[in-house]
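Observations on the three-dimensional arrangement
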Amino acid sequence: VSEKAYGDLPATPFKVRRKAMVDFDVDHITRIKLESAQEAVDIRRKDKRKWEIGLTPAGGKETVLEGRHKHIDDVMWDLKWANATEFVDEPGEDLGKYGLAPAGPPRRVTVWLKKGKDAKEETKSFLLGPLQGDKAYGRLEGETRLFAFAQKDVEKILRTGFHLSDRRLVRFEKAEDIARVEARFPGGREVAVRRSGDNWVLEKAAGKQQADQSRVGDFIGIAEEMESQGEAPPGETADFENFRVSLKVVDVKGKTWGPIVVGAGGPKDYLLVRVEGSSGVLRIRRDLIEKKLPSKAEDWIQEKKAEPAS
């Protein structure tokens, strides 16, 4: 037998066991519930790519939030592809050493599935204990055996209601929905662009200047990533007098977001913003948007090419 053939043989039974714990078609999911000691996150499908979240803190009342499909879709796929790193087929009665009390831990994940319009709704559920080093043990509802998920999979699945909610400062379904964008800078300089088919036309500029299609397009591409990461804690500040840019976005139906004022400076990982109609200062991720924001009016104006010599 060749060395390669010998090396391909499974060394242990675990190598050939099926490691996916909750298999499903993500399009069949109608509801997901993530329960922990801190909160219950009830994610309910309203329509295709439309979700609402019932968020109930421990000992509190449910608050309904709008869910963001992008984040909920991530959780669905993280659930589907989470693979067991270990099995305990005969755990015995003492589940305490696995972090699983006989009555069950406070963490539970439940998925509701409906495979067709007239099909009966099914549920799949598992309990999940606290981390034991770099893994957490769990048990599928109705089974005796235990499995373990790696820490990275546990953290991906057990997202908070805040993380899964729609916190975008500008909300649109596709880039073509944005009709006009206005940027204002310290000193009173302004530049505005409006959509004309697939291109952008420059407004508030003299002469025959044209919009820089690439730079405007770069901003449109990241506009929906201006997503609140929560309020800035006390002591975390930015300069809002000599701000970086103030943005106003209008969609094709005339709905307006902003002004969204991006402060200059701020902490290492976040830009700090103030949004009209909201109190407090919000954080947004610096790494996702900073390089695509205009810092002066000229950033969105096409440089005039030199006339060829006669």
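Before reading further, recall that the structure is shown in the block above.
The numbering scheme is per chain: residues are counted from 1 as the chain's sequence reads. With pLDDT at 70 or above as the cut-off, local features in this predicted model cover only qualifying residues; side-chain atom pairs require 80 or more to be listed or tallied, and sums for whole chains, interfaces and linings still use all residues. Computation of side-chain values covers all heavy atoms of the structure but excludes hydrogens and water.

What about the overall build of the protein chain?
The line we're drawing: Secondary structure elements are taken from DSSP: a helix is a run of H or I of four residues or more, a strand is a run of E of two residues or more, and numbering for both begins at the N terminus. Restricting the calculation to C-alpha atoms gives the radius of gyration, and the globule rule supplies 2.2 Å times the number of residues raised to the power 0.38. Residue exposure (1.4 Å probe, protein chains only): buried if accessible area is under 20% of the type maximum, exposed if over 50%, otherwise partly exposed. Any two residues having at least one pair of non-hydrogen atoms within 4.5 Å are treated as being in contact.
From N to C terminus, the protein chain includes six helices and 16 strands. Expected size for 310 residues packed as a compact globule is a radius of gyration near 19 Å; at 26 Å, the protein chain overshoots this value by more than 25%. Looking at the protein chain as a whole, 41% of its 310 residues are labelled buried. For the protein chain, the share of sequence-separated contacts (at least 6 apart) that also reach a separation of at least 24 residues comes to 55%.

Looking at the environment of Gln 209
Along the chain, Gln 209 falls in the loop between strand E12 (199–203) and helix H5 (213–222). It is 71 Å that separates the C-alpha atoms of Gln 209 and Ser 2, two residues lying 207 residues apart in sequence. Look past the residues within four positions of Gln 209 in its chain and what remains in contact with it is Leu 202 and Ile 301.

Some details on the sheet that holds strand E4 (residues 63–67)
Counted only if it meets this: Two strands form a pair only when DSSP identifies at least two bridges running between them. Every axis in this analysis is a line fitted to C-alpha atoms, fitted for helices over the stretch in contact. Angles between the N-to-C directions lie between 0 and 180 degrees.
With antiparallel pairing, the nine strands of this open sheet are ordered in space as E4-E3-E2-E1-E6-E7-E8-E9-E5. Single-partner strands in this sheet number two, and they are E4 and strand E5 (86–88). Averaged over all neighbouring strand pairs, the angle between strand axes comes to 25 degrees, with direction disregarded.

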